[in-house]
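Understanding the architecture of this molecule
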2 protein chains.
Amino acid sequence: MEQDILKKSYQSKLKKPLKSSVKRALIVNYFMNRNRHFSVEELYDEIKKMSLKISYSTVYRTLNLLSSIGLARECVFKDGMTRFEPAHRSRHHDHLVCERCGKIIEFEEPKIEKLQKEVARRHKFTVDWHRMELYGLCAECKKKEKL
Amino acid sequence: MEQDILKKSYQSKLKKPLKSSVKRALIVNYFMNRNRHFSVEELYDEIKKMSLKISYSTVYRTLNLLSSIGLARECVFKDGMTRFEPAHRSRHHDHLVCERCGKIIEFEEPKIEKLQKEVARRHKFTVDWHRMELYGLCAECKKKEKL
DNA sequence: TTGATTTTGAAAATCATTTTCAATTATATA
DNA sequence: TATATAATTGAAAATGATTTTCAAAATCAA
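Only a predicted model underlies this, so the values are computations on that prediction, with no experimental measurement involved.

**Thoughts on the overall build of chain A**
The helix and strand inventory of chain A stands at six helices and six strands. Sequence-ordered secondary structure for chain A, helices as α and strands as β, is α-α-β-α-α-β-β-β-β-α-β-α. Residue burial in chain A is summarised as follows: out of 147 residues, 42% are buried. Excluding contacts between residues fewer than 6 apart, the proportion of contacts in chain A whose partners are at least 24 apart in sequence is 49%. Taken as a whole, chain A presents about 8600 Å² of accessible surface, with 53% of it coming from carbon and sulfur.

**What to know about unusual backbone geometry**
Although it is not a glycine, lysine 124 of chain A adopts a positive phi angle of roughly 50 degrees. Considering the arrangement of structural elements, one finds lysine 124 of chain A in the loop between helix H5 (110–122) and strand S6 (126–137).

**Points about the packing of aromatic side chains**
What the rule picks out here adds up to eleven aromatic pairs over all chains. With 4.2 Å between their ring centres and 5 degrees between their planes, tryptophan 129 of chain A and tyrosine 135 of chain B make a pair best called stacked. Placement of the pair is tryptophan 129 of chain A in strand S6 and tyrosine 135 of chain B in strand S6 (residues 126–137), with the two residues belonging to separate chains. A connected cluster of aromatic rings, assembled from ring pairs, spans Tyr30, Phe31, Phe38 and Phe84 of chain A.

**Quick word on the interface of chain A and chain B**
Across the boundary between the two partners, chain A contributes 38 residues, which contact 36 residues of chain B. Here chain A and chain B share an interface that buries about 3200 Å² over both sides, 62% of which is from carbon and sulfur atoms. Interface area lost by chain A to chain B is led by Phe125, Trp129 and Arg131 of chain A, which between them contribute 22%. For the interface between chain A and chain B, the tally reads four salt bridges. Along the contact surface separating chain A from chain B lie 20 residue pairs in polar contact (both at pLDDT 80 or more). Counting only elements with at least two residues in the side of chain A that touches chain B, the list comes to strand S4 (94–98), strand S5 (104–107), H5, S6 and helix H6 (139–146) of chain A. Per element, the largest residue contribution to the side of chain A that touches chain B is twelve residues, and it comes from S6 of chain A. For the side of chain A that touches chain B, the per-class residue count stands at 20 nonpolar, five polar and 13 charged. The pairing of S6 of chain A with S6 of chain B spans eleven bridges and is classified as antiparallel. Opposite tyrosine 135 of chain A, over in S6 of chain B, you have tryptophan 129 of chain B as the bridge partner.

**Examining the nonpolar core**
Leu96 and Phe125 of chain A together with Leu96 and Phe125 of chain B are the most contacted members of the largest nonpolar core, which totals 28 residues. At the level of elements, S4, S5, H5 and S6 of chain A together with strand S4 (94–98), strand S5 (104–107), helix H5 (110–122) and S6 of chain B are the ones that each hand at least two residues to this core. In contact with leucine 96 of chain A, not counting residues within four places along its chain, are Lys103, Ile104, Ile105, Phe107 and Leu134 of chain A together with Val119, His123, Phe125 and Val127 of chain B.

**Topic: the side chain of aspartate 94 of chain A**
Residues and elements named next belong to chain A. For aspartate 94, the location among the structural elements is in strand S4. One buried charged residue, aspartate 94, forms no salt bridge at all, with the nearest opposite charge on arginine 131 at 9.1 Å. Among the polar contacts listed, one links the side chain of aspartate 94 to the side chain of histidine 130, at a separation of 3.2 Å. Non-local contacts of aspartate 94, meaning those with residues more than four positions away in its chain, are made with Ile105, Glu106, Phe107, Glu113, His130, Arg131 and Met132.

**Considering the pairing of S6 of chain B**
The pairing of S4 of chain B with S6 of chain B spans four bridges and is parallel. Across the sheet, residue leucine 96 of chain B finds its bridge partner in S6 of chain B, namely leucine 134 of chain B.

**Description of H5 of chain B**
Look at H5 of chain B: 18 Å from first C-alpha to last across 13 residues, which is about the 18 Å you get at 1.5 Å a residue. Taken together, the buried positions of H5 of chain B are occupied by Ile112, Leu115, Gln116, Val119 and Ala120 of chain B. Seen from one end, H5 of chain B has its buried residues packed into an arc of 145 degrees, which puts them on one side. Residues of H5 of chain B that are exposed and angled more than 90 degrees away from the buried face: Pro110, Lys114, Lys117 and Arg121 of chain B. In this structure, the buried residues of H5 of chain B make contact with S4, S5, H5 and S6 of chain A together with S6 of chain B.

**Considering the confidence of the model for chain A**
For chain A, the average pLDDT comes to 90, and 90% of its residues sit at 70 or higher. When pLDDT is averaged over each element of chain A, H5 of chain A comes out on top at 97 and helix H1 (residues 2–11) of chain A at the bottom at 65.

**What about the protein's contact with DNA strand D?**
As a structural note, the neighbourhood of DNA strand D is formed by 21 residues, with Lys19, Ser21, Arg24 and Thr58 of chain A together with Tyr60 of chain B the closest of them. Each atom of DNA strand D within 4 Å of the protein was classed as base or backbone; sugar and phosphate made up 69%. One of the side-chain nitrogen or oxygen atoms of arginine 61 of chain A is found 2.7 Å away from a base nitrogen of DNA strand D. Measuring from a phosphate oxygen of DNA strand D, one finds a side-chain N or O atom of asparagine 64 of chain B at 3.0 Å.

Thresholds, definitions, all that
- Residues numbered from 1 in each chain as written.
- Chains lettered and ligands numbered in written order.
- Predicted model: local features only at pLDDT ≥ 70, side-chain atom pairs only at ≥ 80, totals over all residues.
- Heavy atoms only, no water.
- Helix = DSSP H or I, 4+ residues; strand = E, 2+ residues; numbered from the N terminus.
- Buried < 20%, exposed > 50% of the residue type's maximum accessible area, 1.4 Å probe, protein only.
- Contact = heavy atoms within 4.5 Å.
- Areas by Shrake-Rupley, 256 points an atom, 1.4 Å probe, with all protein chains shown as cover.
- Phe/Tyr/Trp six-rings, centres within 6.5 Å; stacked < 30°, edge-to-face > 60°.
- Buried area = accessible area lost by both parts, 1.4 Å probe.
- Salt bridge = Lys/Arg side-chain N within 4 Å of Asp/Glu carboxyl O.
- Polar contact = N/O pair within 3.5 Å; in protein donor to acceptor, adjacent residues only side chain to side chain.
- Nonpolar A, V, L, I, M, F, W, Y, C, P; charged D, E, K, R; others polar.
- Pairing = 2+ DSSP bridges.
- Core = buried A, V, L, I, M, F, W, Y, C linked by side-chain atoms within 4.5 Å.
- Lys, Arg positive; Asp, Glu negative; His and termini not counted.
- Expected span 1.5 Å × (residues − 1).
- Arc of directions from axis to C-beta.
- pLDDT = per-residue confidence, 0-100.
- Near = heavy atom within 4 Å.

Structural data, given as structure tokens:
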């Protein structure tokens, strides 16, 4: 069961024990089967759509839980809303964000990472993490633009 | 007078005319003489310290005005608070943010910019702007860490 | 000076997120 | 299996940064 991953991961971090719960299972299940970003609202709506009762409190709580044990990554783009993505599916990456349609494209560019490290070294800075987002127009929206 | 820059810049953008105002002059003056980031609270406190009356509404309004005509740049780092920086002092740059003391270091790295453009091209994406922040520990905080 | 328009600040509204708290549920153990 | 203990839940309230409202004050053009 998917919650087991969570339990182990969580309890190994020396917090209070986790009791199993239907609601949390629901959220974790959605989360584990997602391989891209989603907003809290998106997840909430999805569960509601299955005509299942859930509250935002629980959604936020569970997502923060996943985040705190490193299973989820949080991204906050320009719109200021928190999105989550599964950390188990992909390595660190950066984002291209379309300002027209909101599409989010992930990319990795090791050469940039290397240069970032260089910059940090130059400033005697130790980098824990970074975020990099390129905002603009995606191919599809550019096409529409031209019509 | 510094407000003139604002007036010209603003009115040339075809909006309603600007009347001169002491409060706005105060804020614009602070802004123009700043060459680094500041939070809204920082500016507000600074003006209050001079025992001058001002309200947050006015501060926000004026800063947003400066932003809308391109004189100010807005940055939102991990803490979620909006900071402003004068756009007239420096070119585009990215940031190193110390997670311990909050220090913000600016840097430019043309090689990274070039690689970003390459990434965008690869995805047929047109980039309008980007943000890149490296979070970690600055040299001073690392030193303290070791004691 | 008047009349029209902009600016201001206090208070209320927003909006995503977090917290509170009482009721419900899971679990360990008697 | 019953009971005690602790975790989970959701509704509603709280939060906190920012924006909006609205009536009063200030500015400007004629």
